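# Structure assessment
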Amino acid sequence: MKVLVPVKRVVDYNVKIRVKADGAGVETANVKMSMNPFDEIAVEEAVRLKEGGKATEVIAVSVGPAQAQETLRTALAMGADRAILVQTDAETQPLAVAKLLKALVEKEGAQLVILGKQAIDDDCNQTGQMLAALLGWGQGTFASKVAPADGSVTVTREIDGGLETVSLTLPAVVTADLRLNEPRYASLPNIMKAKKKPLDIVAPDSLGIDMTPRLKTLKVAEPDKRKAGVRVSDVAALVEKLKIEAKVI
Ligand code: AMP
């Protein structure tokens, strides 16, 4: 079973985001970029499936600028077998990414796609769901456990009230949640080895996909600053404030 793992290059989660002065987006110049944290979890899961003899090949895919090769090298250092960069400087929106992934899934004959549940830059939480719909495959989103068997995969999902377990007929799409696993750090020898692993670069046109954005960002703004807190003298005063000022009880 071939597993495809889409990995997005995003602003590192430790970076304090700054909004551009004109409100057109967030500052990305001279900002540390890394693999989307949920995608690290997806790569880890795919590599574990290969180590456990359930997957034959793990292919990491990124849609983005030339620098996304670094993100793919990280996936290769974690254990992916090869990588594909769909190179574009256009803004990558979920529908276009899902269409590109569909084309690659069909070209590669992948049986399982493990994505992150959401990218921490756009917070869309759409790509996996759109991909499953476009392919006509079943989907197990927000996975905290993935167990493939013959011709199917059992996915435990994190839902509001607890956990839900679904059985999907393969081929299928899974999206990784935080508790699925703890991704490994790439060791130095593996980082060196990853430099020699195959990384193909293709253009969106070659897959017949038009990347023209369908969504337009109107304005990006910082959240309102939090007001300073006040100390209350006792519990009774707190309850009074919650009731009368905050009106939350
Ligand atoms: P989103 O729907 O944007 O929140 O993204 C959900 C998941 O789709 C991410 O965690 C990635 O696995 C995948 N994805 C989204 N955009 C890209 C991209 N440009 N390149 C590769 N994978 C992506």
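Note that the structure is a prediction, hence the values are computed from the model and not measured.

Cut-offs used in this document
- Residues numbered from 1 in each chain as written.
- Predicted model: local features only at pLDDT ≥ 70, side-chain atom pairs only at ≥ 80, totals over all residues.
- Heavy atoms only, no water.
- Core = buried A, V, L, I, M, F, W, Y, C linked by side-chain atoms within 4.5 Å.
- Buried < 20%, exposed > 50% of the residue type's maximum accessible area, 1.4 Å probe, protein only.
- Helix = DSSP H or I, 4+ residues; strand = E, 2+ residues; numbered from the N terminus.
- Contact = heavy atoms within 4.5 Å.
- Pairing = 2+ DSSP bridges.
- Near = heavy atom within 4 Å.
- Polar contact = N/O pair within 3.5 Å; in protein donor to acceptor, adjacent residues only side chain to side chain.
- 1 Å grid on protein atoms, 1.4 Å probe; cavity = no way out; pocket = protein on both sides within 12 Å on 5 of 7 lines; lining within 4 Å.
- Sits in = over half its atoms within 2 Å of the grid points.
- Nonpolar A, V, L, I, M, F, W, Y, C, P; charged D, E, K, R; others polar.

## Thoughts on the nonpolar core
By size, the foremost hydrophobic cluster in this structure holds 38 residues, and its most contacted members are Val5, Val43, Leu112, Ile114 and Val174. Considering every element that reaches this core, the biggest residue donor is helix H1 (residues 37-51), with seven residues. Residues within four places of Val43 in sequence aside, it is in contact with Val5, Val7, Met35, Ala75 and Met78. Counting 26 residues, the second largest nonpolar core, distinct from the first, contains Ala110, Trp137, Val202 and Ile209.

## Quick word on the pairing of strand E9 (residues 162-169)
Note: strand E8 (residues 152-159) against E9, eight bridges, orientation antiparallel. When the sheet's bridge partners are listed, Val153 is paired in E9 with Leu168. Hairpin connection from E8 to E9: two residues lie between these consecutive antiparallel strands.

## Description of the site of the ligand
Every one of the 19 residues lining the ligand counts as a neighbour, but Asp39, Val63, Ala119, Asn125 and Thr127 are closest to it. Measuring from an oxygen atom of the ligand, one finds a backbone N or O atom of Pro6 at 2.9 Å. A distance of 3.0 Å is found between an oxygen atom of the ligand and a side-chain nitrogen or oxygen belonging to Asp122. Taken atom by atom, the bulk of the ligand overlaps the largest cavity. Among the secondary structure elements, those contributing two or more residues to the shell around the ligand are strand E4 (57-64) and strand E6 (112-116). Of the residues forming the shell around the ligand, the biggest block, three residues, is contributed by E4. Broken down by class, the residue content of the shell around the ligand amounts to eight nonpolar, eight polar and three charged.

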